[in-house]
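One letter stands for each residue in the lines below.
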Amino acid sequence: MSSEFLGRALIVVPAWNEEAAVGDTVREILDSVPNADVLVVDDGSTDLTAEAAKAAGALVLELPFNLGVGGAMRAGFRYAVRHGYDAAVQVDADGQHNPAEVPDLLAKLNEADLVIGARFAEKGDYQVRGPRKWAMVVLSKVLSWVAKTKLTDTTSGFKATGKRALPLFAENYPVEYLGDTIESLVIAVRAGCTITQVPAHMRERRAGTPSHSPWKSTVYLGRAGFALLLALIRRWDVSVKASTPRVPTPTATAERGVA
């Protein structure tokens, strides 16, 4: 990309029982984005996720119980605000997101507050069929209308958040199922944030098994529609100018591992 992000960036990796994958993911991020810090938010794991992340060289925030991706990311946003970062990038612990594409997302923050790594935007061969595809198409069309810009992958978890939106998400990031994708975009728009996307490639998981099935895809369709409806009708008293996070006394500490 022609531009370069010059601020301090934090790569936030929400992880729940990702002992087998998180170490390699952290090392790849540090190799690809050497000027950024990596924070693994151990979301109440019952395995050795935290230890593997520390050994790979990451900062680790250990939550006492599982909050889900939204809760883990809100903790990451609060950490970013508290420590003066200019941007936070969500990268999955399972290796599906390519850290080499993080600089592309960061560079786009020079012109937007939130950047989505879109799996259906001219790059890669990621495919979805059946009810999940229908849901994603409808969500993208509605949220493109809400955001007044073309968005092709509104359920992507590969996102970069800029400095104006960090306090907003530190205070208001949704913790409900699908809220971290669908509802967070509605919150950002209602607060006056600008959203854009860059093409991104989705890879295979390093470990574990995808949870998709015809039945789960049908359930996803219903939940996605319900989440979108709630996000649109809910009254949001938010603003990127006025939103300042209430920083509670932390119940977990972050430690850096030894690479």
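The following refers to the structure shown. Since the structure is predicted, the reported quantities are computational estimates derived from the model, not experimental observations.

## A few points about empty space enclosed by the protein
Then comes step 1: All chains considered together, the criterion is met by one cavity of 30 Å³ or more.
Then comes step 2: Looking at the largest cavity, its volume works out to about 40 Å³.
Then comes step 3: In terms of lining residues, the largest cavity is bounded by Met73, Phe77, Ala88, Val89, Gln90, Leu114, Lys159, Thr161, Phe169 and Tyr173.
Then comes step 4: Only helix 3 (68-82), strand 4 (87-90) and strand 6 (159-162) provide two or more residues apiece to the lining of the largest cavity.
Then comes step 5: Class assignment for the residues of the lining of the largest cavity results in seven nonpolar, two polar and one charged.

## Considerations on helix 7 (residues 179-190)
The α-helix winds at 3.6 residues per turn, so residues separated by three or four positions along the chain end up facing the same way.
Then comes step 1: Buried residues dominate helix 7, accounting for 10 of its 12 residues.
Then comes step 2: At the exit of helix 7 stands Gly192, carrying a positive phi of roughly 95°.

## Some details on the packing of aromatic side chains
Then comes step 1: The full count for this structure, using the stated rule, is three aromatic pairs.
Then comes step 2: An angle of 65° between the planes, with centres 5.0 Å apart, marks the rings of Phe77 and Tyr173 as edge-to-face. Here the residue Phe77 occupies a position in helix 3, and Tyr173 occupies one in the loop between helix 6 (166-172) and helix 7, the gap between them amounting to 96 residues.
Then comes step 3: Centre to centre, the rings of Phe169 and Tyr173 are 4.9 Å apart; their planes meet at 70°, and the pair counts as edge-to-face. Like Phe169, the residue Tyr173 is buried in the burial classification.
Then comes step 4: Every member of this aromatic cluster is reached through a ring pair, and the members are Phe77, Phe169 and Tyr173.

## Here we look at the pairing of strand 5 (residues 114-118)
Then comes step 1: Of all five residues that make up strand 5, five are buried, and the element is covered over most of its length.
Then comes step 2: Judged by which residues are buried, strand 5 turns out to be covered on both faces: Leu114, Ile116 and Ala118 on one side and Val115 and Gly117 on the other are all buried.
Then comes step 3: The pairing of strand 5 with strand 7 (residues 195-199) spans five bridges and is parallel. Across the sheet, Gly117 pairs through a bridge with Val198, a residue of strand 7.

## Things to note about the pattern of salt bridges
Then comes step 1: Applying the stated rule across the entire model yields six salt bridges.
Then comes step 2: Across the salt bridge formed by Arg27 and Asp24, the nearest N and O atoms sit 3.0 Å from each other. One end of the pair is Arg27 and the other is Asp24, both in helix 1 (residues 19-32) and three residues apart, which spans about a single turn.

Parameters and conventions
Residues numbered from 1 in each chain as written. Predicted model: local features only at pLDDT ≥ 70, side-chain atom pairs only at ≥ 80, totals over all residues. Heavy atoms only, no water. 1 Å grid on protein atoms, 1.4 Å probe; cavity = no way out; pocket = protein on both sides within 12 Å on 5 of 7 lines; lining within 4 Å. Points joined across faces, edges and corners; volume = space filled by probe spheres on them. Helix = DSSP H or I, 4+ residues; strand = E, 2+ residues; numbered from the N terminus. Nonpolar A, V, L, I, M, F, W, Y, C, P; charged D, E, K, R; others polar. Buried < 20%, exposed > 50% of the residue type's maximum accessible area, 1.4 Å probe, protein only. Phe/Tyr/Trp six-rings, centres within 6.5 Å; stacked < 30°, edge-to-face > 60°. Pairing = 2+ DSSP bridges. Salt bridge = Lys/Arg side-chain N within 4 Å of Asp/Glu carboxyl O.

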